[in-house]
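Here is how the chains run, residue by residue.
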Amino acid sequence: MVLLYIIITVYIAAVNFYAVMLVKAQRDEYGDTGEKPTGDGKLILCAMLGGAVAVYVCMFLMRYRLKNMLFMILMPVIGVLNVYFFFLAYRSGLSIFVINAAAFGRLPVAIPYL
(Lines give C-alpha, C1' and ligand atoms only; values in the text may rest on other atoms or scores of the structure.)
Protein backbone atom coordinates (compact mmCIF):
# COMPACT_ATOMS: atom_id res chain seq x y z
CA MET A 1 0.00 0.00 0.00
CA VAL A 2 2.85 2.35 0.80
CA LEU A 3 4.29 1.61 -2.62
CA LEU A 4 1.10 2.93 -4.26
CA TYR A 5 1.40 6.19 -2.31
CA ILE A 6 5.01 6.54 -3.45
CA ILE A 7 4.13 5.79 -7.08
CA ILE A 8 1.27 8.32 -7.14
CA THR A 9 3.44 10.98 -5.45
CA VAL A 10 6.26 10.45 -7.94
CA TYR A 11 3.73 10.58 -10.80
CA ILE A 12 2.34 13.91 -9.59
CA ALA A 13 5.83 15.35 -9.19
CA ALA A 14 6.92 14.10 -12.63
CA VAL A 15 3.88 15.48 -14.46
CA ASN A 16 4.24 18.86 -12.76
CA PHE A 17 7.96 18.98 -13.57
CA TYR A 18 7.19 18.14 -17.19
CA ALA A 19 4.56 20.88 -17.25
CA VAL A 20 7.08 23.45 -16.02
CA MET A 21 9.61 22.36 -18.64
CA LEU A 22 6.96 22.44 -21.38
CA VAL A 23 5.90 26.01 -20.57
CA LYS A 24 9.54 27.10 -20.36
CA ALA A 25 10.37 25.46 -23.70
CA GLN A 26 7.41 27.15 -25.40
CA ARG A 27 8.33 30.50 -23.90
CA ASP A 28 11.93 30.15 -25.07
CA GLU A 29 10.81 29.13 -28.56
CA TYR A 30 8.05 31.70 -29.11
CA GLY A 31 8.54 34.25 -26.32
CA ASP A 32 10.16 37.22 -28.05
CA THR A 33 9.11 36.56 -31.62
CA GLY A 34 5.86 37.72 -33.10
CA GLU A 35 4.91 34.19 -34.13
CA LYS A 36 1.78 32.68 -32.73
CA PRO A 37 2.71 29.76 -30.48
CA THR A 38 1.44 26.32 -31.31
CA GLY A 39 1.20 23.40 -28.95
CA ASP A 40 -1.86 24.34 -26.95
CA GLY A 41 -2.88 20.70 -27.11
CA LYS A 42 0.32 19.63 -25.36
CA LEU A 43 -0.29 22.06 -22.52
CA ILE A 44 -3.93 21.03 -22.15
CA LEU A 45 -3.04 17.32 -22.23
CA CYS A 46 -0.34 17.86 -19.64
CA ALA A 47 -2.84 19.77 -17.51
CA MET A 48 -5.42 16.99 -17.76
CA LEU A 49 -2.81 14.42 -16.71
CA GLY A 50 -2.24 16.32 -13.48
CA GLY A 51 -0.04 19.31 -14.23
CA ALA A 52 -2.62 22.08 -14.44
CA VAL A 53 -1.47 23.82 -11.28
CA ALA A 54 2.14 23.88 -12.50
CA VAL A 55 1.11 25.20 -15.94
CA TYR A 56 -1.01 27.95 -14.39
CA VAL A 57 1.64 29.04 -11.88
CA CYS A 58 4.41 28.98 -14.52
CA MET A 59 2.35 31.09 -16.88
CA PHE A 60 2.28 33.83 -14.24
CA LEU A 61 5.87 33.43 -13.10
CA MET A 62 7.19 33.55 -16.66
CA ARG A 63 4.58 36.09 -17.83
CA TYR A 64 3.75 33.92 -20.81
CA ARG A 65 0.37 33.48 -22.56
CA LEU A 66 -1.49 35.59 -20.02
CA LYS A 67 -3.77 37.07 -22.68
CA ASN A 68 -5.01 33.67 -23.83
CA MET A 69 -8.49 33.41 -22.31
CA LEU A 70 -8.69 29.66 -22.93
CA PHE A 71 -5.77 29.07 -20.58
CA MET A 72 -6.84 31.68 -18.06
CA ILE A 73 -10.22 29.97 -17.63
CA LEU A 74 -9.44 26.32 -18.36
CA MET A 75 -6.27 25.87 -16.27
CA PRO A 76 -7.78 26.84 -12.90
CA VAL A 77 -10.82 24.62 -13.56
CA ILE A 78 -8.65 21.63 -14.49
CA GLY A 79 -6.33 22.44 -11.57
CA VAL A 80 -9.19 22.30 -9.07
CA LEU A 81 -10.30 18.97 -10.55
CA ASN A 82 -6.73 17.62 -10.36
CA VAL A 83 -6.35 18.58 -6.72
CA TYR A 84 -9.79 17.15 -5.91
CA PHE A 85 -9.10 13.80 -7.61
CA PHE A 86 -5.65 13.46 -6.03
CA PHE A 87 -7.15 14.31 -2.65
CA LEU A 88 -9.84 11.67 -3.13
CA ALA A 89 -7.25 9.11 -4.18
CA TYR A 90 -5.13 9.72 -1.08
CA ARG A 91 -8.11 9.98 1.24
CA SER A 92 -9.64 6.71 0.05
CA GLY A 93 -6.36 4.92 0.56
CA LEU A 94 -5.98 4.45 -3.20
CA SER A 95 -8.64 1.77 -3.03
CA ILE A 96 -9.51 2.38 -6.67
CA PHE A 97 -6.18 0.80 -7.59
CA VAL A 98 -6.29 -2.15 -5.20
CA ILE A 99 -7.87 -5.34 -6.47
CA ASN A 100 -10.50 -6.75 -4.18
CA ALA A 101 -9.19 -10.21 -3.32
CA ALA A 102 -12.53 -11.32 -1.89
CA ALA A 103 -14.19 -10.98 -5.27
CA PHE A 104 -11.63 -13.29 -6.81
CA GLY A 105 -11.99 -15.79 -3.97
CA ARG A 106 -15.41 -16.77 -5.28
CA LEU A 107 -14.10 -17.76 -8.70
CA PRO A 108 -13.44 -21.45 -9.27
CA VAL A 109 -9.80 -22.45 -9.23
CA ALA A 110 -10.07 -24.84 -12.14
CA ILE A 111 -12.76 -25.17 -14.76
CA PRO A 112 -13.64 -28.86 -15.23
CA TYR A 113 -13.73 -30.22 -18.74
CA LEU A 114 -17.16 -31.27 -19.93
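### Notes on the overall build of the protein
- Helix and strand counts for the protein stand at 4 helices and 0 strands.
- When its helices and strands are written in sequence order, the protein yields α-α-α-α.
- By residue count, 29% of the 114 residues in the protein fall in the buried class.
- Sequence separation of 24 or more characterises 72% of the internal contacts of the protein that already satisfy a separation of 6 or more.

### Focus on the confidence of the model for the protein
- Overall, the prediction assigns the protein a mean pLDDT of 82, with 78% of residues at 70 or greater.
- At the low end of the mean pLDDT range in the protein sits helix H4 (residues 101-105), at 53; at the high end sits helix H2 (residues 40-61), at 93.

### A closer look at the packing of aromatic side chains
- Taken as a whole and assessed by the stated rule, the structure comprises 3 aromatic pairs.
- When the centroid spacing of 5.6 Å and the interplanar angle of 10° are considered together, the rings of Tyr5 and Tyr90 count as stacked. In this pair, Tyr5 sits in helix H1 (residues 2-30) while Tyr90 sits in helix H3 (residues 69-91), placing the two residues 85 residues apart along the sequence.

### Some details on a nonpolar patch on the surface
- Taken together, the side chains of Met69, Ile73, Val77, Leu81, Tyr84, Phe85, Phe87 and Leu88 present a nonpolar region at the surface, about 810 Å² in accessible area.
- Relative to the helices and strands, Met69 is located in helix H3.

### Quick word on the packing of H1 against H2
- Where H1 meets H2, the closest approach of the two axes is 8 Å, and the angle between their N-to-C directions is 75°. By the angle between their axes, H1 is roughly perpendicular relative to H2. Residues Tyr11, Val15, Asn16, Tyr18, Ala19, Val20, Leu22, Val23 and Gln26 of H1 form the contact with H2, whose participating residues are Lys42, Leu43, Cys46, Leu49, Gly50, Gly51, Ala54, Val55 and Cys58.
- Considered class by class, the residues forming the contact of H1 with H2 number 13 nonpolar, 4 polar and 1 charged.

### So, the pattern of salt bridges
- With the rule as written, the count across this model stands at 3 salt bridges.
- Put simply, Asp28 and Lys24 hold a salt bridge, and the shortest N to O gap is 3.0 Å. One end of the pair is Asp28 and the other is Lys24, both in helix H1 and 4 residues apart, which spans about a single turn.
- Under the relative-accessibility criterion, Lys24 is labelled partly exposed at 34%.
- The partner of Asp40 in a salt bridge is Arg65, and the shortest N-O contact between them spans 2.6 Å. With Asp40 in helix H2 and Arg65 in the loop between H2 and H3, this residue pair connects regions lying 25 residues apart in the sequence.
- For Arg65, a relative accessible area of 14% corresponds to the buried category.
- Salt bridges sharing partners connect three or more residues here, namely Lys24, Arg27 and Asp28.

Rules used in this analysis
- For every chain, the first residue of the written sequence is number 1, and numbering continues from 1 onward in sequence order.
- Totals for whole chains, interfaces and linings use every residue, but because this is a predicted model, local features are given only for residues with pLDDT of at least 70 and side-chain atom pairs only at 80 or more, for both listing and counting.
- Calculated side-chain values reflect all of the structure's heavy atoms, with hydrogen atoms and water omitted.
- Helix and strand assignments come from DSSP, with helices taken as H or I runs of at least 4 residues and strands as E runs of at least 2, each series counted from the N terminus.
- Working definition: with a 1.4 Å probe on protein chains only, accessible area under 20% of the residue-type maximum means buried, over 50% means exposed, and in between means partly exposed.
- We call two residues in contact when some of their heavy atoms are within 4.5 Å.
- Per-residue confidence from the predictor is reported as pLDDT, which spans 0 to 100.
- Only the six-membered ring of Trp is used, alongside the rings of Phe and Tyr, when aromatic pairs are assigned; centres must lie within 6.5 Å, and planes under 30 degrees apart are stacked while those over 60 apart are edge-to-face, with the rest tilted.
- Each patch is assembled from residues with relative accessible area greater than 30% and no salt bridge, linking like charges that lie within 9 Å and nonpolar side chains (Val, Leu, Ile, Met, Phe, Trp, Tyr) that lie within 5 Å.
- Residue-level accessible areas treat just the shown protein chains as cover; the underlying method is Shrake-Rupley with a 1.4 Å probe.
- For salt bridges, the criterion is a side-chain nitrogen of Lys or Arg within 4 Å of an Asp or Glu carboxyl oxygen.
- Fitted lines through C-alpha atoms give the axes, limited to the stretch in contact for helices. The angle between two N-to-C directions lies from 0 to 180 degrees.
- Between 65 and 115 degrees an angle is taken as roughly perpendicular, under 35 as roughly parallel, over 145 as roughly antiparallel, and anywhere else as oblique.
- Residues are grouped as follows: nonpolar covers Ala, Val, Leu, Ile, Met, Phe, Trp, Tyr, Cys and Pro; charged covers Asp, Glu, Lys and Arg; every other residue, Gly included, is treated as polar.

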